[in-house]
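Per-entry structural report
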Amino acid sequence: MSGLALSEESKERIVKILDTTTTVVHYGWIPFVLYVGWISTPNRPSLIKYVYFPV
Amino acid sequence: MLEYMEYLEQCFAKNSQWDYNNLYEHVLDSSASILQFKIPHGFKFSVSSSSSPYNYNSISFENRGKGRLNGSLAYFYTTQELSNYKTSKNIPLQDVIDSYRLVNIPKNDRSYTDNEESKRPWLLYGRMYLPSQSMEAMAIKRLTANTQLMLKGVNILNPTPTPFNNKLTSLSFYLQSNYYKWSREAIFLSSDALFGLRFLYNFGNSTNPQCTPSIDSNNISTLSLGTELWYGAMNMTPGLSTTLRYTSFSVTGNPLTFTLACNPILGSVSTTYSIKTNVFTTLCSKFDFNFYSYESDLTIGCDLWRFGNNEDVPDSNPTPLPSKERELFIPLHDHQLVFPEQEKAKTISNEPKDYESDLLLKFLEIQGIKTARQSVATINNFTQKIKNAPFTSALKLNTSLKNHTVNLMWEGKYNDFLLSTGCSLNLDLKRPNVDGFGLQIQYSS
């Protein structure tokens, strides 16, 4: 029984989609965590205190 | 010492009543904290802060020699207010230093109130390493009071560039169910298409409607049996291991843990024994044996805790029971307290009733209950002493017969900073040397 036959073109497209998704998640994850944290926090701190590091 | 983000994850688990000690992955934690601690390499400094009770961030710098400075930037968000969060100034050291785990599995399943049900907490975490730009991500979502879904991801750019692959991406999914009687984990790791199942079953835990967080006579001892099964779909390799853990308290209230782990595929058997001899000290030993190669190894280790202020020092030993009462008290592994008098009662009851023996039995029964209560009080007292002790530093030490190395680590607090330093000494007779040395400094506000 043969498996699902994919053309070379389809394989390349799938690899490209996966690569793009990985890149988007890679650079978008931390901004996403910051955005969700910012909109969901009841008493929002100042933006500077939120993103930077007060010592 | 726990990293800042690991500490936050623990705060999240404690706050949402999630017991990691009841998961198979953590069944060997007590011995691993002493015999397999991680010595810092190079110099690492991290500054962390909480911008709100829901948002936390951390920045760290690391120099591992060769003149290169690496860093990382991390953000953490949770929908649940971390009320138990403490800054490095106020944090008790026993919360951030990995040591003996006091296993106290509750006898009731957790359940949410109507208010909590609508707010099942979740957690988001992201860390970017610089200048490599590698990324680490984690998300945890509580599905029910006893089930959670965990997603972890790592994307490493250019680890060792090759013509075929210049990045490494790995995703792992964990579906965890954690009940008082058993726990279960279903795992999928994308890197090798690895499927895993983990189970842990606690013997003898009985449901008690009046469950209290303190130790009572029903959970003095816990016997747990766990196993894990792995299957790598890509290379069709199986994996299997099984572990037995017995935790209890000695008659003087000292907690002790015995484990027996076996991996039949690799042919390894290992036993560990850890005991907290007093508030300041834990001793641990481990014996490994491989029944395919007949190789064996013995590892021993200890940790020693220190107080800064002599006035706050609690009694190092638990209050021992009077010797007469000690004879009467026999804790059993099946979470029951059986007294010799009760056994006597069974045998004597078949004989013709005698007024004097009846009186004696009643006296012994009362004495037995009194002894049991005193023992539970002794254990609770000792446990509280460990939890509330104002420790200022801890020294860990381990060595093994096979490797001829001594690993040393000192962890402590200086002003508002958490420090961790250690080294690995190679005691080879021909070329003794220091294999690794490092210092880690953490500050959080």
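Just so you know, these numbers come straight off a predicted model, no measurement behind them.

1. Structural notes on the overall build of chain B
Secondary structure summary: chain B contains seven helices and 21 strands in total. Within chain B, the fraction of its 445 residues that count as buried is 47%. In chain B, the proportion of contacts linking residues at least 24 apart, taken out of those at least 6 apart, comes to 57%.

2. A short note on the nonpolar core
Counting 39 residues, the largest nonpolar core has B:Leu8, B:Phe76, B:Leu82 and B:Val96 as the members making the most contacts within it. Here this core gets seven residues from one element, more than from any other, and that element is helix α1 (residues 4–15) of chain B.

3. Comments concerning the interface of chain A and chain B
Listed per partner, the contact involves 23 residues of chain A and 30 residues of chain B. For the pairing of chain A and chain B, the buried interface totals around 2,100 Å² over both sides, and the portion due to carbon and sulfur atoms is 70%. Our count for the contact surface shared by chain A and chain B stands at zero salt bridges. Sorting elements by how many residues they give to the side of chain A that touches chain B places helix α1 (residues 8–40) of chain A first, with 13 residues. Among the residues forming the side of chain A that touches chain B, the class breakdown is 16 nonpolar, five polar and two charged.

4. What to know about the pattern of salt bridges
All names here are of chain B. Under the counting rule described, the total for this entry stands at eleven salt bridges over all chains. Lys44 is paired through a salt bridge with Glu3; the nearest N and O atoms lie 3.0 Å apart. Note that Lys44 is positioned in strand β1 (residues 42–52) and Glu3 in the segment before α1, a separation of 41 residues in sequence. Owing to a relative accessible area of 22%, Glu3 belongs among the partly exposed residues under this scheme. Three or more residues joined by partner-sharing salt bridges are found here, namely Glu25, Glu185, Arg198 and Glu228.

5. Regarding empty space enclosed by the protein
All names here are of chain B. For the structure shown, the criterion picks out five cavities of 30 Å³ or more. The calculated volume of the largest cavity comes to roughly 80 Å³. Looking at the largest cavity, it is lined by 13 residues, and the ones nearest its centre are Tyr4, Ser88, Leu418, Gln442 and Ser444. The set of elements that each furnish at least two residues to the lining of the largest cavity consists of α1, β1 and β21 (433–444). Take the lining of the largest cavity: its biggest share by element is three residues, from β21. Partitioning the lining of the largest cavity into residue classes produces seven nonpolar, five polar and one charged.

6. Focus on the confidence of the model for chain B
Residue and element names in this part refer to chain B. When the pLDDT values of chain B are averaged, the result is 81; 78% of them are 70 or greater. Ignoring residues within four places in sequence, the model shows residues 207–215, a span with pLDDT below 50, making 21 contacts including any to other chains. Here residues 321–352 scores under 50 on pLDDT; set against residues more than four positions off or in separate chains, the count is 58 contacts.

7. Let's talk about the packing of aromatic side chains
All names here are of chain B. Within the structure shown, the criterion is met by 16 aromatic pairs over all chains. Ring centres of Tyr179 and Trp182 lie 4.7 Å apart, and the angle between their planes is 35 degrees; on these two criteria the pair is classed as tilted. By relative accessible area, which is 29% here, Trp182 ends up partly exposed. Pairwise contacts between aromatic rings join Tyr4, Tyr7, Tyr56, Phe76 and Tyr85 into one cluster.

8. A word on the environment of B:Leu2
Mapped onto the elements, B:Leu2 comes out in the segment before α1. Separated by 96 residues in sequence, B:Leu2 and B:Asp98 have C-alpha atoms that sit 7.1 Å apart.

9. Description of the pairing of strand β2 (residues 55–63) of chain B
Residue and element names in this part refer to chain B. Bridge count between β1 and β2: nine bridges; the pairing is antiparallel. Bridge pairing links Lys44 to Glu62 in β2. In this structure, the hairpin formed by β1 and β2 is closed by a connection of two residues. Pairing of β2 with strand β3 (residues 69–78), which is carried by nine bridges, proceeds in the antiparallel orientation. When the bridges of β3 are listed, Ser58 appears paired with Ala74. Between β2 and β3, which pair antiparallel and follow one another directly, the connecting turn spans five residues, one of which, Gly65, has a positive phi of 90 degrees.

Rules of the game
- Residues numbered from 1 in each chain as written.
- Chains lettered and ligands numbered in written order.
- Predicted model: local features only at pLDDT ≥ 70, side-chain atom pairs only at ≥ 80, totals over all residues.
- Heavy atoms only, no water.
- Helix = DSSP H or I, 4+ residues; strand = E, 2+ residues; numbered from the N terminus.
- Buried < 20%, exposed > 50% of the residue type's maximum accessible area, 1.4 Å probe, protein only.
- Contact = heavy atoms within 4.5 Å.
- Core = buried A, V, L, I, M, F, W, Y, C linked by side-chain atoms within 4.5 Å.
- Buried area = accessible area lost by both parts, 1.4 Å probe.
- Salt bridge = Lys/Arg side-chain N within 4 Å of Asp/Glu carboxyl O.
- Nonpolar A, V, L, I, M, F, W, Y, C, P; charged D, E, K, R; others polar.
- 1 Å grid on protein atoms, 1.4 Å probe; cavity = no way out; pocket = protein on both sides within 12 Å on 5 of 7 lines; lining within 4 Å.
- Points joined across faces, edges and corners; volume = space filled by probe spheres on them.
- pLDDT = per-residue confidence, 0-100.
- Phe/Tyr/Trp six-rings, centres within 6.5 Å; stacked < 30°, edge-to-face > 60°.
- Pairing = 2+ DSSP bridges.

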